[in-house]
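Architecture and fold: a report
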Amino acid sequence: VRENKMATKLQVTELDFDDIKNNLKTYMKNQTEFTDYDFEGSGLSTIIDLLAYNTHYLAMNANMAVNEAFLDTATLRSSVVSHAKTLGYTPRSVRSPVAYVDVTLNSFVGGSATISKGTKFTTQVDGSTYGFVVNGSQTVSPVNGVTRFVNLPISEGTLVTAKYTTDNTNLDKKYMITDARADTTTLQVSIQNSISDVTTTTYTLATDISQVSATSNVYFLQEVEDGKYEVYFGDGIIGSKPSDGNIVILEYIVTNKAAANGASIFSGTSVSGETDITIATLVRATGGAEAESLESIKYNAPLDYSSQGR
């Protein structure tokens, strides 16, 4: 009997449910204790079903877990993004449409005029109204009596500001861009000394780690869950480390992505206090896009790593 049991082996290469069940049946039928059993109608058939289901689940989970461990076969965005991060690659966020316009102040009198960050313009595309904003202030002086902001970039979306107080004792503290529709190319990061000291320092995105020192005012960016992004800073060795009580300020544009592509006629209410303005479009709105796809990340991450910034 012992020799018979040892001679009968399960086939472990089959992962289909029916094949697993048939292999279990074949094994059981070759055992002397179950020679007279009807495996199709007996209670033992239900037990074999349970064993087959359990084996099938375990095989599927193991297969999925192994697939997620490699960039080429991963299917979950979180897994693909994690593998890309080990290659030093940050997936592209959504993109806001950008248009270029000339804005003329027809009745301006003075030495210089400033268009403030956040100044709004509106347009219509397919019957829907979209807002465009200026993402950086500009100052111009009249030329031959004409006050004009030339080739001014405006981005579709809403300007958002988020503020976080630094607490280095809280290891779970995160500086989040909380909207998955945020365009990270519009992100501007600064650190205010404290609530009482409003002196701010502008931080730039670190792109070449070899050029970052302990005092470099840089920030790092990574995609996290739900397609959102997190800003983080250096540790005082690679990049300067914010102090307790500092206020981290994140400013960025949340966009409707490709919906406003093609917009070409813009209107505004006031610029530098002037309401008599003329807006001429130089380049219609283009560039609005969804976040980078999984296929694109898989393709670009290894190439970006191999290029090493060259």
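Being a predicted model, the structure only gives us computed values, none of them experimental.

Conventions adopted
- Residues numbered from 1 in each chain as written.
- Predicted model: local features only at pLDDT ≥ 70, side-chain atom pairs only at ≥ 80, totals over all residues.
- Heavy atoms only, no water.
- Helix = DSSP H or I, 4+ residues; strand = E, 2+ residues; numbered from the N terminus.
- Rg over C-alpha atoms; globule rule 2.2 N^0.38 Å.
- Buried < 20%, exposed > 50% of the residue type's maximum accessible area, 1.4 Å probe, protein only.
- Contact = heavy atoms within 4.5 Å.
- Axes fitted to C-alpha atoms, helices over the stretch in contact; angles between N-to-C directions.
- Parallel < 35°, antiparallel > 145°, perpendicular 65-115°, else oblique.
- Left-handed = near helix turned anticlockwise from the far one by under 90°.
- Nonpolar A, V, L, I, M, F, W, Y, C, P; charged D, E, K, R; others polar.
- Expected span 1.5 Å × (residues − 1).
- Bend = angle between axes of the 7 residues up to and from the residue.
- Pairing = 2+ DSSP bridges.
- pLDDT = per-residue confidence, 0-100.

**Some remarks on the overall build of the protein chain**
Helices and strands together make up the secondary structure of the protein chain, namely five helices and 14 strands. On C-alpha atoms alone, the protein chain measures out to a radius of gyration of 30 Å, which is more than a quarter above the 19 Å that the 2.2 N^0.38 rule sets for 310 residues. When the backbone C-alpha atoms are referred to their principal axes, the protein chain occupies close to 105 × 50 × 40 Å. Classification of the 310 residues of the protein chain by burial places 37% in the buried group. Contacts spanning at least 24 positions in sequence make up 69% of the contacts within the protein chain whose residues lie at least 6 apart.

**Quick look at the packing of helix α2 (residues 17-29) against helix α3 (residues 43-68)**
When two helices pack together, their arrangement is captured by the angle between the axes and the distance separating the axes. Following both chains from N to C, one finds α2 and α3 inclined at 130°, their axes separated by 9 Å at the closest point. The orientation of α2 with respect to α3, classified from their angle, is oblique. For the element pair α2 and α3, the recorded crossing hand is right-handed. Residue-level contacts link F17, I20, K21, L24, K25 and M28 of α2 to L44, S45, I48, D49, L51, A52, Y53, T55 and H56 of α3. Taken together, the residues of the contact of α2 with α3 break down into nine nonpolar, three polar and three charged.

**What to know about helix α5 (residues 294-307)**
Its 14 residues give α5 an end-to-end C-alpha distance of 20 Å, which sits within 8% of 20 Å, the value for a rise of 1.5 Å per residue. Roughly 25° is the biggest bend found in α5, and it falls at N300, with proline P302 one to four residues downstream. Within the sequence span of α5, burial applies to S296, I297 and A301. Buried-residue contacts for α5 involve α4 (77-86). Count one or two residues on from α5 and you reach Q308, which has phi positive near 50°.

**Quick look at the sheet that holds strand β4 (residues 128-133)**
Strand order in the open sheet formed by five strands is β3-β4-β6-β1-β14, with antiparallel pairing between adjacent strands. Either end of the sheet is taken by a strand with one partner, and the two such strands are β3 (120-125) and β14 (277-286). For this sheet the average axis-to-axis angle between neighbouring strands, irrespective of direction, equals 35°.

**Structural notes on the confidence of the model for the protein chain**
The predicted model of the protein chain has a mean per-residue pLDDT of 90, with 93% of residues at 70 or higher. With pLDDT under 50 throughout, residues 1-7 is counted as low confidence; its partners more than four residues away or in other chains account for five contacts.

**Some words on the pairing of strand β10 (residues 200-205)**
Bridging between strand β9 (residues 182-192) and β10 involves four bridges; their strand directions are antiparallel. If you follow I191 over to β10, its bridge partner there is T201. As paired strands, β10 and strand β11 (residues 218-223) are joined by two bridges and run parallel to one another. Pairing of T204 across the sheet is with V218, part of β11.

**Details of the side chain of E156**
Considering the arrangement of structural elements, one finds E156 in strand β6 (residues 147-156). In contact with E156, not counting residues within four places along its chain, are S96, P97, Y130, G131, F132, I253, V254, T255, N256, K257 and A260.

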